[in-house]
Amino acid sequence: MVEAAQSSGLQQGTELDLGEGGTLVVHHVPDHVGHPVLEVEELRHNKGNAATFGIWRVRGATGTAVLKIYKPPADGYQGYWPTSDDPAHWNYWRRESLAYAEGLPGTVYADGGVTGPPFLETHTRADGLVELWLEYVPGPEGFSWTPERLARFARELGAGQARWAGRVPELPWLSKGWLGQYLTEGPPLSVTIADSDWDHPGITPWPEPVRQRLRQLWAERDRLSMVARSGERTLCHLDVWPANLIEVDGRSVLVDWAFVGEGALGEDISNLILDSFTDGLMAPELLPELAESTIAGYLEGLRDGGWSGDEDGVRRAIAACGAAKYSWYGPAVLGRAVANDVGSSNYSKDGSADAAVRRVTGMVTLISDWAAAATA
């Protein structure tokens, strides 16, 4: 199944059999995996991300690893998840491999008990792509966790981020101003609605005050981004959601460090709360409990980690960051209702636009409430 190969600029590599998916040539198979390679399975990921060539689980004679391959920016249009050669860019294509080579995922939140999966090796290939090999860590994914378990993680994350409050490390490849760049260059650009669409009958399950606040938020999203930017800074992961959480022997493992950089205290918690419900992978009725318990857990963790700042300021930052980042979410669902199109996602399980509108009523209500609280 595995043999030496010549391919696309590689002087010599290893060819992995993907079954019906063809073959994949890699620079080197780590000793942790060993020869022969017995199985290669593609893992679910955001295939719209211009920085990602692919992600696979690779099982060999001596162990199992995850292989991530990154690609440099292409010429021309890159979609709603563009990448860049600028190390401060929100989606810099080499950031995650550099973070692991530096040892950052395994150490930065260790004070709270949160780590990344163990790093094996990384290589820059002759064809310009970058390979990152990590130990495969099996365990229950975050979407199977209870609100209590997610609140425990929030407390752990708070304790880990307390260490970096007001003192983000000076590493050249950390993202800077991530949220503002995301809003300017990322998925919000996919939204195409007219102001008159807010009167469409397809969103009548959303209360009128919620619709009006979402309408205003969409028009004034840059204002919320500025409020979010004013929050106390720390070192943030910037993609905390249940799909990136794994429990291993009772420990919290956080994966996918491609966005890591400076952000507001509470920014990661706002994303954990909302992104738990974006795709219908968690029961909507859990939202109030999850929001309350994770915010309380995060604040407790900050105090446990030695932080003694303004809790109301963190709550405001949570509201501002969540409302700003998801300012486009209500309009996107509205656009699907107008087009009667459920849209496409690597994760979503919605069967119709109407079902999506009804499912996210609690979520868009929280977004609108957060927008009001952040600007009060």
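Residues numbered from 1 in each chain as written. Predicted model: local features only at pLDDT ≥ 70, side-chain atom pairs only at ≥ 80, totals over all residues. Heavy atoms only, no water.

A. Representation of the packing of helix H5 (residues 208-219) against helix H12 (residues 361-375). The geometry of H5 relative to H12 is characterised by a closest axis approach of 9 Å and an angle of 60° between their N-to-C directions. Considering the angle they form, H5 stands oblique to H12. H5 and H12 meet at a crossing whose hand is left-handed. Contact with H5, carried on its side by Val210, Arg213, Leu214 and Leu217, involves Val364, Thr365, Ile367, Ser368, Asp369, Ala371 and Ala372 of H12 and no other residues of that element. Looking at the contact of H5 with H12 residue by residue, the class counts come to 7 nonpolar, 2 polar and 2 charged. (Axes fitted to C-alpha atoms, helices over the stretch in contact; angles between N-to-C directions. Helix = DSSP H or I, 4+ residues; strand = E, 2+ residues; numbered from the N terminus. Parallel < 35°, antiparallel > 145°, perpendicular 65-115°, else oblique. Left-handed = near helix turned anticlockwise from the far one by under 90°. Contact = heavy atoms within 4.5 Å. Nonpolar A, V, L, I, M, F, W, Y, C, P; charged D, E, K, R; others polar.)

B. Local environment of the pattern of salt bridges. In the structure shown here, the tally under the stated rule is 18 salt bridges. Here Asp369 ties to Arg213 by a salt bridge, and the two come within 2.9 Å at their closest N and O atoms. Here Arg213 lies in helix H5 and Asp369 lies in helix H12, a separation of 156 residues in the sequence. Where salt bridges share partners, they join Lys68, Glu96 and Asp256 into one cluster. (Salt bridge = Lys/Arg side-chain N within 4 Å of Asp/Glu carboxyl O.)

C. Region of the structure containing the side chain of Thr278. Summarising the element assignment, Thr278 is placed in the loop between helix H7 (267-275) and helix H8 (287-304). Exposure remark for Thr278: the relative accessible area of 8% places this residue in the buried category. In terms of polar contacts, Thr278 uses its side chain to reach the side chain of Asp279, at 3.5 Å. Sequence-distant contacts of Thr278, defined by excluding residues within four places in its chain, comprise Tyr326, Tyr329, Arg359 and Met363. (Buried < 20%, exposed > 50% of the residue type's maximum accessible area, 1.4 Å probe, protein only. Polar contact = N/O pair within 3.5 Å; in protein donor to acceptor, adjacent residues only side chain to side chain.)

D. Main features of empty space enclosed by the protein. Applying the stated criterion across every chain yields a total of 1 cavity of 30 Å³ or more. Looking at the largest cavity, its volume works out to about 60 Å³. Taken together, Trp178, Leu179, Leu238, Glu267, Asp268, Ser270, Asn271, Cys321 and Lys325 make up the full set of residues lining the largest cavity. Going through the elements one at a time, helix H4 (178-185), H7 and helix H9 (311-325) are the ones with two or more residues in the lining of the largest cavity. (1 Å grid on protein atoms, 1.4 Å probe; cavity = no way out; pocket = protein on both sides within 12 Å on 5 of 7 lines; lining within 4 Å. Points joined across faces, edges and corners; volume = space filled by probe spheres on them.)

E. The environment of Asp369, seen in detail. Note on Asp369: relative accessible area 36%, which makes it partly exposed. When the C-alpha atoms of Asp369 and Pro209 are compared, they prove to be 10.0 Å apart, with 160 residues separating the residues in sequence.

F. Focus on the nonpolar core. Counting residues in each nonpolar core, the largest one holds 94 residues, and the members touching the most others are Leu104, Tyr109, Trp206, Ile269, Met363 and Trp370. Among the elements that line this core, the one with the most residues is H9, at 8 residues. Listed in part, the 14 residues of the second largest apolar core include Val29, Trp56, Ala65 and Leu129. (Core = buried A, V, L, I, M, F, W, Y, C linked by side-chain atoms within 4.5 Å.)

G. Focus on the sheet that holds strand E12 (residues 251-254). Spatial ordering of the open sheet is given by E7-E12-E11, a layout of 3 strands whose pairing is mixed. The open sheet is flanked by strand E7 (114-115) and strand E11 (245-248), the only strands paired with a single partner. In the sheet, E11 pairs with E12 via 4 bridges, with the strands oriented antiparallel. Looking at the pairing, Leu245 lines up with Leu254 of E12. Of the strands in this sheet, E7, E11 and E12 are in contact with helix H3 (residues 147-162), which crosses E12 at around 75°. (Pairing = 2+ DSSP bridges.)

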